[in-house]
Amino acid sequence: NLEASFEDRFAARTQRIQASTIREILKLTTQPGFISFAGGLPAADLFPIDRIGEATQRILREQGAQALQYSTTEGYLPLREWIASRVPGATPENVQIVSGSQQGLDLIGKVLIDPGSRVLVEAPTYLGALSAFNPYEPEYVSVSMDDEGLELGALEAALKARPVKFMYVLPTFQNPSGRLMGLERRRALVELARKYQTPILEDDAYAELYFDGKPLPTLYALDHALGGGNVIYLSTTSKTLAPGLRVAWVVGPRPLIQKITFAKQGADLHSPTLNQMLVYELVRDGAWYGAQIDRIRQTYQTRCHWMLEALQQYMPEDIGWIVPRGGMFFWLTAPAGLDSLELLKRAVEEKTAFVPGQPFFADGSGKNTLRLSYSSASREQIEEGLQRLGRAIHRMLGRA
Ligand SMILES: Cc1ncc(COP(=O)(O)O)c(CN[C@@H](CCCC(=O)O)C(=O)O)c1O
């Protein structure tokens, strides 16, 4: 029949389009009584719903026609000006608003990756970036990490071996490992990237979610101090306001931003006008926005501590983890033989879930790793969910 014949009609590039593991698990976890640690879902109890209602009403009252009309592809100018004012050396012409940083990843892939282009990524890296880049058929170069992030020796060897189109780096509370790259490593990385004239795509989704100490300078800022032009910076309001608004931005060299703007014209014309105006209304009040982010930081630090206690109590001793100093995730490593995909099946039987680690590795490794998110779990859910997970792991490791 005609419907079935679509199976033969798909473009060749769709061979590289697979379901997102996170999105697929998300669907699973809507069953009652299910406790999921899978999606990096920001704490819904912290969404500023009343303030968003008031601001939306005000915008519709005072600028309704503009808010509901088509608008420019580049994005709402006052918001671009606000973003540029916080990025060293940036003007609004360096800023493109995108519908979630996920769209930023897709558009950057679309304008930079040819079939066979080498794209350098961390091992592990954010699986959503791999999903965005895959249809453009890159050849990934996976580079190992130590406690601080990318190992620069391995990185230089890879850059020396063959030309790389760009490197995708998450220096601040890396997804999924939670790692934080220190200042010296950041400086050395930026210098290395300039030496090999290989642009860095810096994905800074979790920059504001630090628990202690001061935020470190972005790779973009460090590169700007050396003359600029070699870092593309991605950030989003998904973790500080609400992911459902889909408002994020790319800051980068003007020729690239212009190309992304043209690509976006062909993708969705522009990001939602009302949402951009709403985000601007919220962030322009620095006192409120700063307090909002403080609330989020304190909540995640508390939930992170609860999960750490539960891990110590319920995990077998041969399960290792990295204690994050910000962000949303614990990254667990099990004994080499344990397959976390198999573990997920047993965990789901116990009505709990996490993200198996293998989809975060471009080189197919990482079977024995898993990612847990604490950002939207209560103390009881963390306690109960980790007990369930502990039982599943003990059974798999063949212990009572
Ligand atoms: C490093 C990094 N870059 C981009 C994104 C996408 O965020 P946007 O909401 O598109 O701005 C994210 C969001 N990742 C979350 C949310 C995924 C949400 C989902 O697929 O349901 C996660 O890893 O669970 C990220 O961690």
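Structural data are supplied above this passage.
Here is a short report on the structure shown in this document. (Residues numbered from 1 in each chain as written. Predicted model: local features only at pLDDT ≥ 70, side-chain atom pairs only at ≥ 80, totals over all residues. Heavy atoms only, no water.)

Okay, the overall build of the chain next. Across its full length, the chain carries 13 helices and 14 strands. Against the compact-globule benchmark of 21 Å for 400 residues, the chain has a radius of gyration of 21 Å, which places it among compact chains. When each of the 400 residues of the chain is scored for burial, the buried share is 55%. A separation threshold of at least 6 residues defines the contact pool for the chain, and within that pool the share at least 24 residues apart is 74%. (Helix = DSSP H or I, 4+ residues; strand = E, 2+ residues; numbered from the N terminus. Rg over C-alpha atoms; globule rule 2.2 N^0.38 Å. Buried < 20%, exposed > 50% of the residue type's maximum accessible area, 1.4 Å probe, protein only. Contact = heavy atoms within 4.5 Å.)

Let's shift gears to the packing of helix H6 (residues 152-161) against helix H7 (residues 183-195). At a closest axis distance of 11 Å, the pairing of H6 and H7 adopts a crossing angle of 5°. Judged by the angle between their axes, H6 and H7 are roughly parallel. On the side of H6, the interface is formed by Leu152, Leu155, Glu156 and Leu159, while H7 contributes Arg185, Ala188, Leu189, Leu192 and Lys195. Of the residues that constitute the contact of H6 with H7, the class distribution is six nonpolar, no polar and three charged. (Axes fitted to C-alpha atoms, helices over the stretch in contact; angles between N-to-C directions. Parallel < 35°, antiparallel > 145°, perpendicular 65-115°, else oblique. Nonpolar A, V, L, I, M, F, W, Y, C, P; charged D, E, K, R; others polar.)

What follows covers the sheet that holds strand E7 (residues 200-203). Think of a sheet as strands paired side by side through backbone hydrogen bonds, with each pair either parallel or antiparallel. A sheet is described by the order of its strands in space; here eight strands give the open sequence E2-E9-E8-E7-E6-E3-E4-E5, paired in mixed fashion. The strands lining the two open edges of the sheet, one partner per strand, are strand E2 (95-98) and strand E5 (149-150). Relative to the sheet, helix H3 (residues 77-85) contacts E2 and strand E9 (248-251), its axis offset from that of E2 by approximately 120°. Across the face of the sheet, helix H9 (residues 254-267) comes into contact with E2, strand E8 (231-236) and E9 while running at roughly 30° to E2. (Pairing = 2+ DSSP bridges.)

Structurally, Thr56 is set in helix H2 (residues 49-68). If sequence neighbours within four positions are ignored, Thr56 has contacts with Leu274 and Leu278.

This part takes up the site of the ligand. Of all residues adjacent to the ligand, which total 20 residues, the nearest are Arg23, Gly40, Ser101, Tyr206 and Ser238. Between an oxygen atom of the ligand and a side-chain N or O atom of Tyr206, the distance comes to 2.5 Å. The contact in question runs from an oxygen atom of the ligand to an N or O atom on the side chain of Arg246, over 2.7 Å. Relative to its free-state accessible area of 600 Å², the ligand is covered by the protein chains to the extent of 92%. Secondary-structure elements contributing two or more residues to the shell around the ligand are helix H1 (21-28) and helix H4 (101-112). Of all the elements, H1 adds the most residues to the shell around the ligand, at three residues. In terms of residue class, the shell around the ligand is made up of seven nonpolar, eight polar and five charged. (Near = heavy atom within 4 Å. Polar contact = N/O pair within 3.5 Å; in protein donor to acceptor, adjacent residues only side chain to side chain. Areas by Shrake-Rupley, 256 points an atom, 1.4 Å probe, with all protein chains shown as cover.)

Once rolled over the atoms, a probe with the size of a water molecule shows which space is left empty. Under the counting rule described, the total for this entry stands at one cavity of 30 Å³ or more. There is about 50 Å³ of room inside the largest cavity. Its residues assigned to classes, the lining of the largest cavity shows seven nonpolar, three polar and one charged. (1 Å grid on protein atoms, 1.4 Å probe; cavity = no way out; pocket = protein on both sides within 12 Å on 5 of 7 lines; lining within 4 Å. Points joined across faces, edges and corners; volume = space filled by probe spheres on them.)

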